[in-house]
Amino acid sequence: MKLWGGRFTKETNQLVHNFNASIGFDQKFFRQDIEGSIAHVTMLAAQGILTDDERDVIITELKHIRSEIEDGTLEITPEYEDIHSFVESILIERTGETGKKLHTGRSRNDQVALDMKLYIRDEITECDGLLLDLLRVLYKIMEKHLDTYMPGFTHLQKAQPLTLAHHVGAYFEMFKRDRSRLADIYKRMNTCPLGAGALAGTTYPLDREMTARLLGFDGPTLNSMDSVSDRDYIIELLSALSTIMMHLSRFSEEIIIWNTNEYQFIELDDAYSTGSSIMPQKKNPDIAELIRGKTGRVYGALMSILTTMKALPLAYNKDMQEDKELTFDAIDTTKGCIRLFTGMVETMKVNKEAMKNSAKHGFTNATDAADYLVKNGVPFRDAHGIIGQLVLYGIEHHKALDDLTLEEFQAVSPVFKADIYDAISMETCVNTRNTIGAPGREAMEKVLENHQDYLKNAGAL
Ligand code: ARG
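If you check an unreviewed UniProt entry, the protein chain appears there as Argininosuccinate lyase from Candidatus Onthocola gallistercoris. Recorded under Catalytic activity (unreviewed entry), the UniProt text for the protein chain is reproduced unchanged: "2-(N(omega)-L-arginino)succinate = fumarate + L-arginine". Here the protein chain is described in UniProt, under the heading Subcellular location (unreviewed entry), as follows: "Cytoplasm".

Okay, here's the thing in structure tokens:
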């Protein structure tokens, strides 16, 4: 059962075995482990280290093991130390002497480094697909809400009017960057550690280029010690996942605020809300809150691995086994959150009237009113003062700027004419802002065209 019993005279203490074992969690990458072994023996045979017959026996049995684990007929049990020992032991049990040759020119150190890279590559691809799906849903929302006016906030105070399309567009950019971050990580990590051995390569004439190619890597890693000690890509991934979670969390926070009784900008779908056990009227945004909450867990994984790695001497140390559970958890958590978030925003109802009303009643057009004066010859600093007075007047009389009479405007400055109303209407405020990145309709239509191309190129539309 053990791969290393030879030099020992005693059985391992049971508690030590339990403490040391990783099979409870590294069984998650049994597919990757078998894929790596198949590439390894293919190369060993090509190099004349194994015969073609031995290769075929091993590969056939590895494939059986894989499908039996998949369909549940072969159970992974805790008496093995890790998934590598498990697969190799079963192989030897079934093929005898031939199976014993699988591990020629390989160490579990390069094996686990490979498995983890293969696993993470697959997960990056999956996360990317989920982000793409989210981007498609955000794009649909944007397309539908080019004229849905709402207040833009700074300090969570109403600032200037914009549209829901523009607000959602900000997140579109963030998740787009998240995708490109994942792509960068994939590219940088895509070198194959197999063949690095325990730390110093091997004396067998391994063709590392070949295994790298067979496993879809850009090439082999170039230093055998680095190959088995590098966990940078995990740190990068957890940092990228933390950033994704941070974006989801900020958006969730806004959704929670928008969904409050006070705002009522949106209403979450019943299928994405939960109730209270005591208060019958309640409909709570638990999903958004949980996404916000789970962000801490993913940040925790990043801190944990950074701390684990910080003083490790080269090359492999068992500390590094700690990279797995937290990475798996962070990946699963992030994937779950992206998926849930996508469904939540796809099904939420937007209350256009409440949004517009809120924008109208927060003096969000005050800057535009000042600009109106500037266009009519008043220096900006004076214009700022005049509008400030009108805002104060409006607050005292419970009136929005658009609701003031012309007499009221003119009582503060004679520069105001009847065209002030048009100049400060919500439509004007938003749609005259058409510089690149601004919320005006013209600018936004161009943005939507770009997004459409982006999604089409990625095969999402
Ligand atoms: N389970 C181990 C890990 O995850 C595999 C590598 C074991 N190597 C060793 N030298 N003990 O890191």
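Take the overall build of the protein chain next. Check the secondary structure of the protein chain and you find 19 helices and six strands. Taken over C-alpha atoms, the radius of gyration comes to 30 Å for the protein chain, far larger than the 23 Å a tight globule of 461 residues would show. Principal-axis analysis of the C-alpha atoms places the extent of the protein chain at approximately 100 × 50 × 40 Å. Relative to its full complement of 461 residues, the protein chain shows a buried share of 49%. Sequence separation of at least 24 residues holds for 75% of the intrachain contacts in the protein chain that already meet a minimum separation of 6. As displayed, the protein chain has an accessible area near 22,100 Å², and 52% of this comes from carbon and sulfur atoms. Between the mean site of the 51 positive side-chain charges and the mean site of the 69 negative ones, the protein chain shows a separation of 1 Å.

Attention now goes to unusual backbone geometry. Across the chain, the bulk of peptide bonds are trans and the bulk of non-glycine residues have phi less than zero. In this structure, Ala315 follows Leu314 across a cis peptide bond, with omega equal to 0 degrees. For Leu156, which is not a glycine, the phi torsion comes out positive at approximately 60 degrees. Residue class for Leu156 comes out exposed when judged on its relative accessible area of 54%.

As annotated in UniProt, the feature "domain: Fumarate lyase N-terminal" (unreviewed entry) corresponds to residues 6–300 in the numbering used here. The distance separating the terminal C-alpha atoms of residues 6–300 is 40 Å; by composition the span is 61% helix and 6% strand.

Between its first and last C-alpha, helix α11 (residues 286–309) extends 35 Å over 24 residues, near the 34 Å set by a 1.5 Å rise per residue. Burial in α11 covers these residues: Ile287, Ala288, Ile291, Thr295, Val298, Ala301, Leu302, Ile305 and Met309. Each element contacted by the buried residues of α11 is listed here: α9 (224–229), α10 (232–258) and α12 (323–347).

For the structure on display, the rule yields 15 aromatic pairs. Measuring from centroid to centroid gives 6.4 Å for Trp258 and Phe265, while their planes differ by 40 degrees, and the two rings are tilted. With respect to burial, Trp258 and Phe265 carry one shared label: buried. Ring centres of Tyr263 and Phe265 lie 5.2 Å apart, and the angle between their planes is 75 degrees; this geometry places the pair in the edge-to-face category. Of the residues examined, Phe265 reaches a relative accessible area of 1% and is grouped as buried. Put simply, the rings of Phe153, Tyr171, Phe175, Phe251, Trp258, Tyr263, Phe265 and Phe341 touch in pairs and so form one group of aromatic residues.

Next up on the list: the pattern of salt bridges. It is possible for side chains of opposite charge to pair when their charged atoms get near one another. Considering all chains together, one arrives at 31 salt bridges under this definition. When the shortest N-O distance is used, the salt bridge between Glu81 and Arg108 registers 3.1 Å. Residue Glu81 is found in the loop between α4 (52–71) and α5 (83–95), and its partner Arg108 is found in helix α6 (residues 108–144); the two are separated by 27 residues along the sequence. With relative accessibility at 22%, the residue Arg108 sits in the partly exposed group. As a salt-bridge pair, Arg136 and Asp133 come within 3.0 Å of each other at their nearest N and O atoms. Placement of both Arg136 and Asp133 in helix α6 is noted, with a separation of three residues, approximately one turn of the helix. When its relative accessible area of 23% is taken as the criterion, Arg136 is described as partly exposed. One salt-bridge network, held together by shared partners, links Glu81, Asp82, Arg108 and Lys318.

Next up on the list: the site of the ligand. Around the ligand, the neighbouring residues are Ser22, Asp26, Asp82, His84, Arg108, Asn109, Val112, Tyr316, Gln321 and Lys324. Lys324 places a side-chain nitrogen or oxygen 2.7 Å from an oxygen atom of the ligand. When the ligand sits alone it has 340 Å² of accessible area, and the protein chains cover 86% of it. Its residues assigned to classes, the shell around the ligand shows two nonpolar, four polar and four charged.

A few words on the side chain of Asp110. Mapped onto the secondary structure, Asp110 falls in helix α6. Within the buried set, Asp110 has no salt-bridge partner at all; the shortest N-O distance to an opposite charge, 5.6 Å, is to Arg106. A distance of 3.4 Å separates the side chain of Asp110 from the backbone nitrogen of Ala196, its partner in a polar contact. Excluding residues that lie within four positions of it along the chain, Asp110 makes contacts with Pro193, Leu194, Gly195, Ala196, Gly197 and Val228.

In this section: the packing of helix α7 (residues 164–189) against α10. For any two helices packed against each other, one specifies the crossing angle of their axes together with the interaxial distance. Direction vectors running N to C along α7 and α10 enclose 170 degrees, while the axes themselves pass 9 Å from each other. Here α7 lies roughly antiparallel to α10, going by the angle between them. Only Tyr233, Glu236, Leu237, Ala240, Thr243, Ile244, His247, Leu248, Arg250, Phe251, Glu254 and Trp258 of α10 make contact with α7, whose side of the interface consists of Leu164, His167, Val168, Tyr171, Met174, Phe175, Asp178, Arg181, Leu182, Ile185, Arg188 and Met189. Class assignment of the residues belonging to the contact of α7 with α10 gives a composition of 15 nonpolar, three polar and six charged.

The rules we used
- Residues numbered from 1 in each chain as written.
- Predicted model: local features only at pLDDT ≥ 70, side-chain atom pairs only at ≥ 80, totals over all residues.
- Heavy atoms only, no water.
- UniProt positions renumbered as here; feature names shortened; annotations may be inferred.
- Helix = DSSP H or I, 4+ residues; strand = E, 2+ residues; numbered from the N terminus.
- Rg over C-alpha atoms; globule rule 2.2 N^0.38 Å.
- Buried < 20%, exposed > 50% of the residue type's maximum accessible area, 1.4 Å probe, protein only.
- Contact = heavy atoms within 4.5 Å.
- Areas by Shrake-Rupley, 256 points an atom, 1.4 Å probe, with all protein chains shown as cover.
- Lys, Arg positive; Asp, Glu negative; His and termini not counted.
- Charge placed at Lys NZ, Arg CZ, Asp CG, Glu CD.
- Expected span 1.5 Å × (residues − 1).
- Phe/Tyr/Trp six-rings, centres within 6.5 Å; stacked < 30°, edge-to-face > 60°.
- Salt bridge = Lys/Arg side-chain N within 4 Å of Asp/Glu carboxyl O.
- Near = heavy atom within 4 Å.
- Polar contact = N/O pair within 3.5 Å; in protein donor to acceptor, adjacent residues only side chain to side chain.
- Nonpolar A, V, L, I, M, F, W, Y, C, P; charged D, E, K, R; others polar.
- Axes fitted to C-alpha atoms, helices over the stretch in contact; angles between N-to-C directions.
- Parallel < 35°, antiparallel > 145°, perpendicular 65-115°, else oblique.

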